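Structure assessment
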Amino acid sequence: MEPKIKRIKRVLEHKGSILDIYSDYMELPDGKVEKWDFVSHRKGAAAVVAVTDEGKILLVRQYRNALERMTLELPAGARDTKEEDTKDCAARELEEETGYRAGRIEKLLSLKTTVAFCDELVDVYLATELHPGKQHFDEAEDIEVETWELPALCDMIYAGKIQDAKTVAGILAYANKLHN
């Protein structure tokens, strides 16, 4: 099915370190033109559901400026380059943020976080056979590592206490994998 709305032009409004913000001029089916916002996440990202030998999941608690509060999330981060394999990115972010390395890492899913205005792609991986590595934060990161039981995390998701898209999708995909 062909879309009945088409982009006439895209104008770069701001070029950031990871994101580019555009104004898109869209022609609607009735011929009117509207200005829409579009955010391009240039590099893409990876996230990790890291499961200990005891079955607990490693999460990171960190400050998120957009929400003006601390959040509980899967370890994750942007690729260093658009060409970087997201599996390599996931392994790197796991060690940087939690101090653990994975003996085994497999892809769980890919998701687009906010399709209404952004093209961000996050590949989510399952990491097992964890062993200590070396934690090394980026300069602006202040992270606390926590371990959680899967049922408690699912309860927090359904209660609206965890709302981060990659975290919700990753935890529920892992829960689904265990039950299939």
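Our structure's up above, just so we're on the same page.
So, here is what we can say about the structure in this document. (Residues numbered from 1 in each chain as written. Predicted model: local features only at pLDDT ≥ 70, side-chain atom pairs only at ≥ 80, totals over all residues. Heavy atoms only, no water.)

**Some remarks on the nonpolar core**
The tendency in soluble globular proteins is for nonpolar side chains to be buried side by side. If you look at the biggest cluster of nonpolar residues, it comprises 24 residues, and the most contacted ones within it are Val49, Ile57, Val124 and Ile171. Looking at this core, the elements with two or more residues in it are strand S4 (45-51), strand S5 (57-64), strand S8 (100-112), strand S9 (121-132), helix H2 (150-158) and helix H3 (165-179). Sort the elements by how many residues they give to this core and H2 lands first, with five residues. Residues in contact with Ile171, not counting those within four places in the same chain, are Val49, Leu59, Leu74, Leu150, Leu153, Cys154 and Ile157. Membership of the second largest hydrophobic core comes to eleven residues, among which are Val48, Ala50, Ile105 and Leu130. (Core = buried A, V, L, I, M, F, W, Y, C linked by side-chain atoms within 4.5 Å. Buried < 20%, exposed > 50% of the residue type's maximum accessible area, 1.4 Å probe, protein only. Helix = DSSP H or I, 4+ residues; strand = E, 2+ residues; numbered from the N terminus. Contact = heavy atoms within 4.5 Å.)

**What to know about H2**
Within the span of H2, buried status applies to Leu150, Leu153, Cys154, Met156 and Ile157. Along H2, the residues classed as buried sweep out an arc of 160° about the axis, all on the same side. Residues of H2 that are exposed and point more than 90 degrees away from the buried face comprise Pro151, Asp155 and Tyr158. Tucked into the core, H2 has its buried residues touching S5, strand S6 (69-73), strand S10 (144-148) and H3. Just downstream of H2, Gly160 is the residue with a positive phi angle, here 80°. (Arc of directions from axis to C-beta.)

**A short note on the environment of Val115**
Note on placement: Val115 falls in the loop between S8 and S9. For the pair Val115 and Val39, spaced 76 residues apart in sequence, the C-alpha separation works out to 9.9 Å.

**Remarks on the environment of Leu126**
Looking at the element boundaries, Leu126 is found in strand S9. Along the primary structure Leu126 and Met1 are separated by 125 residues, whereas in three dimensions their C-alpha atoms are 35 Å apart. Ignoring anything within four residues of it in the chain, the contact list for Leu126 reads Val49, Val51, Arg104, Ile105, Glu106, Leu108, Tyr174 and Lys177.

**Remarks on unusual backbone geometry**
For Glu68, which is not glycine, the phi dihedral falls at a positive 55°. Notably, Glu129 is not glycine yet its phi reads approximately 55°, a positive angle.

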